[in-house]
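Structural description and commentary
Residue strings, one per chain:
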Amino acid sequence: MFDQSDILSLNSGYALLQTEDGIQFEGSGNITTYDDDKDGKVKTLVQLINGKNTVNEIIQEFTHKYNNVSKQEVEEILKDFYDEGFLENTSEDEQYFSLLTAYQHERYLRNIGFFQMFTKNHLNKYIAQKKISDSKICLLGLGGLGSHIAFSLAGMGVGTIKAVEFDEVELSNLNRQILYTPNDIGKSKAQQAEKRIKEFNPDINFSTVETQLSSPEQIAEIIHGFDFVISVADKPRFLLADWVNQAVVAENIPLLLTGLDTTRAMLQSIVPHETGCLQCWRDGITDAKSVNMYNYRKESNIDGDNAAYTTLVPISAGLVCSELTKYILGYGEIKSKGKLLKFDFNNFTLEVEEEWTRNINCKVCGGSIHG
Ligand SMILES: [Zn+2]
């Protein structure tokens, strides 16, 4: 909300159109019309919301011009505008502007424009960008999903990114692994990725670890001190997910996972000791068919990764980085928290595929937090 001494601006995320009979706000897929404004009251009010006037000044000037309108009525309209998201309380902007460097203000201008919508959730847009810039993300895997996620994290301005990859670039990677070019074939993905991301955003701290993930203890050491882990690595198949799960629970770091399954992009996230972990999920599966299928694939060592369609990869990366944004900012409903979401290429639906709760007797995350 706002106080009498607060300064209000129009939220630039909404286009304000003057019509013959009034005004309309257009944005976020909605058009809100204030027509029947023949005496120009709404237009006058909007003109007074100029990023300089305080709420009190707006009310004073308005009621001076229209002395048949009460102070309460003006406040009601301002409150309505504010609740709809048309206004931004910019009183704190001066205070928080210096949280970002001049470079960050310009580079992340469009991110900051997006964060304007958080004003009604009491989150200043500069603080939002600062939170992103201060966050430390560990990314396991620099293949197709890892490529897009690395670029997204760097575009968001995540200040510290550590990525882990052991593989080399192959020609068949290039339908989706946009970190690499044909000149990189046979070269280390970690090294090429580091070169590309540092060129793309020299303002962040991007580092790589060139190693194969080999145990929960090794992964715990790699992710130690990070705020979030995103895992898109898939080797060694059938073992890695469990190792990563054990490592994030041991280090108490939230984990976001995403992957492709031919025509589906899958997404899930866990918060250790709050949601169930991957072991809780597996223990909770009662559908014998799923368990049998999993065991069959595991025993037969079915690879199943021939399909990785170009367009599904950035969708999946976009979903996981959007969820990460919500985690970092503490804003909105995190749809994947303790759930497995499925985006279907064929019908473009995003649905909850599975949902599970924490098993207090889980062999990985059961009991109280250790250490
Ligand atoms: Zn568990």
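About the criteria used
Residues numbered from 1 in each chain as written. Predicted model: local features only at pLDDT ≥ 70, side-chain atom pairs only at ≥ 80, totals over all residues. Core = buried A, V, L, I, M, F, W, Y, C linked by C-beta atoms within 7 Å. Buried ≥ 20, exposed ≤ 12 C-beta atoms within 10 Å, placed from the backbone. Contact = placed C-beta atoms within 7 Å. Pairing = 2+ DSSP bridges. Helix = DSSP H or I, 4+ residues; strand = E, 2+ residues; numbered from the N terminus. Axes fitted to C-alpha atoms, helices over the stretch in contact; angles between N-to-C directions. Right-handed = clockwise from strand over helix to strand, strands pointing away. Expected span 1.5 Å × (residues − 1). Parallel < 35°, antiparallel > 145°, perpendicular 65-115°, else oblique. Left-handed = near helix turned anticlockwise from the far one by under 90°. Nonpolar A, V, L, I, M, F, W, Y, C, P; charged D, E, K, R; others polar. Domains from an automatic or database assignment. Arc of directions from axis to C-beta.

**Details of the nonpolar core**
- In terms of nonpolar packing, the biggest core is built from 64 residues, with Ile149, Ala150, Val229 and Ile230 touching the most fellow members.
- Among all residues touching Ile230, those that are not within four sequence positions of it are Ile137, Leu139, Ile149, Leu256, Val320 and Leu324.
- In terms of nonpolar packing, the next biggest core, distinct from the first, is built from 16 residues, Ile7, Tyr14, Ile49 and Val74 among them.

**Considerations on the sheet that holds strand 12 (residues 339-344)**
- Here we have eight strands laid out as an open sheet, ordered 8-7-6-9-10-11-12-13, and mixed in their pairing. With one partner strand each, in any of the chains shown, strand 8 (205-209) and strand 13 (350-355) form the two edges of the open sheet. On average, adjacent strands in this sheet sit at an angle of 20° to one another, irrespective of strand direction.
- The pairing of strand 10 (residues 255-261) with strand 11 (residues 264-270) spans seven bridges and is classified as antiparallel. By the bridge assignment for strand 11, Leu257 is matched with Gln268.

**Quick notes on the pairing of strand 8**
- Burial of the side chains of strand 8 is restricted to one face: Phe206 and Thr208 are buried, whereas none of Asn205, Ser207 and Val209 on the reverse face is.
- Sheet analysis places strand 7 (residues 160-164) next to strand 8, joined by five bridges and oriented parallel. Pairing of Val164 across the sheet is with Val209, part of strand 8.
- Considered for its hand, the β-α-β crossover made up of strand 7, helix 9 (residues 189-200) and strand 8 is right-handed.

**What about helix 9?**
- Helix length check: helix 9, at twelve residues, gives a terminal C-alpha distance of 16 Å against a target of 16 Å (1.5 Å per residue), a fit within 8%.
- In this structure, the buried residues of helix 9 make contact with helix 8 (144-156), strand 7 and strand 8.

**With respect to the environment of Lys189**
- Take Lys189: it is sitting in helix 9.
- By the C-beta count within 10 Å, which is 26 here, Lys189 ends up buried.
- Beyond its immediate chain neighbours, meaning those up to four positions away, Lys189 contacts Leu142, Glu165, Asp167, Glu168, Val169 and Tyr180.

**Comments concerning the packing of helix 1 (residues 41-48) against helix 2 (residues 55-65)**
- Interhelical geometry of helix 1 versus helix 2 gives an angle of 150° and a closest axis separation of 10 Å. When the axis of helix 1 is compared with that of helix 2, the two are roughly antiparallel. The crossing of helix 1 and helix 2 is right-handed. In contact with Thr44, Leu45 and Leu48 of helix 1, helix 2 contributes Ile58, Glu61, Phe62 and Lys65.
- Of the residues belonging to the contact of helix 1 with helix 2, the class tally is four nonpolar, one polar and two charged.

**Comments concerning the domain arrangement of the protein**
- Taken domain by domain, the protein comprises domain 1 (8-89), domain 2 (93-128) and domain 3 (135-355).
- When each unit is reduced to the centre of its C-alpha atoms, the spacing between domain 1 and domain 3 is 45 Å.

**Brief notes about unusual backbone geometry**
- Across the junction of Lys235 and Pro236, the peptide omega takes the value 0°, indicating a cis bond.
- A positive phi angle, near 70°, is found at His273, a position not held by glycine.
- The residue His273 is located in the loop between strand 11 and helix 12 (278-284) in this model.

**Section: the sheet that holds strand 2 (residues 15-18)**
- An order of 2-3-4 is seen for the three strands of this open sheet, with the pairing classed as antiparallel. Of all the strands in the sheet, the pair left with one neighbour each is strand 2 and strand 4 (30-34). Within this sheet the neighbouring strands show an average axis-to-axis angle of 20°, counted without direction.
- Strand direction decides the pairing type here: strand 2 and strand 3 (residues 23-27), joined by four bridges, are antiparallel. Pairing of Gln18 across the sheet is with Ile23, part of strand 3.

**Some words on helix 3 (residues 71-84)**
- Between its first and last C-alpha atoms helix 3 spans 20 Å; for 14 residues at 1.5 Å apiece the expected length is 20 Å, and the two agree.
- Residues Val74, Leu78 and Phe81 constitute the buried set of helix 3. All buried residues of helix 3 lie within an arc of 60° about the axis, which places them on one face of the element. In helix 3, the exposed residues that point more than 90 degrees away from the buried face are Gln72, Glu76 and Asp83.
- Buried residues along helix 3 sit in contact with helix 2 and strand 5 (87-89).
- In the segment just after helix 3, Gly85 is the residue with positive phi, at about 95°.

**Thoughts on the pairing of strand 13**
- For strand 12 and strand 13, the ladder comprises five bridges, and the chain directions are antiparallel. Across the sheet, Phe343 pairs through a bridge with Leu350, a residue of strand 13.
- Hairpin connection of strand 12 to strand 13: five residues between the antiparallel strands, including Phe348 at a positive phi of 60°.

**What to know about the packing of helix 10 (residues 216-223) against helix 11 (residues 240-251)**
- Two elements in contact, helix 10 and helix 11, have axes separated by 8 Å at closest approach and are oriented at 50°. Taken together, the axes of helix 10 and helix 11 lie oblique to each other. As for the relative orientation of helix 10 and helix 11, their crossing is right-handed in sense. Where helix 10 abuts helix 11, its residues Pro216, Ile219, Ala220 and Ile223 lie against Trp243, Val244, Gln246, Ala247, Val248, Ala250 and Glu251.
- Looking at the contact of helix 10 with helix 11, its residues break down into nine nonpolar, one polar and one charged.

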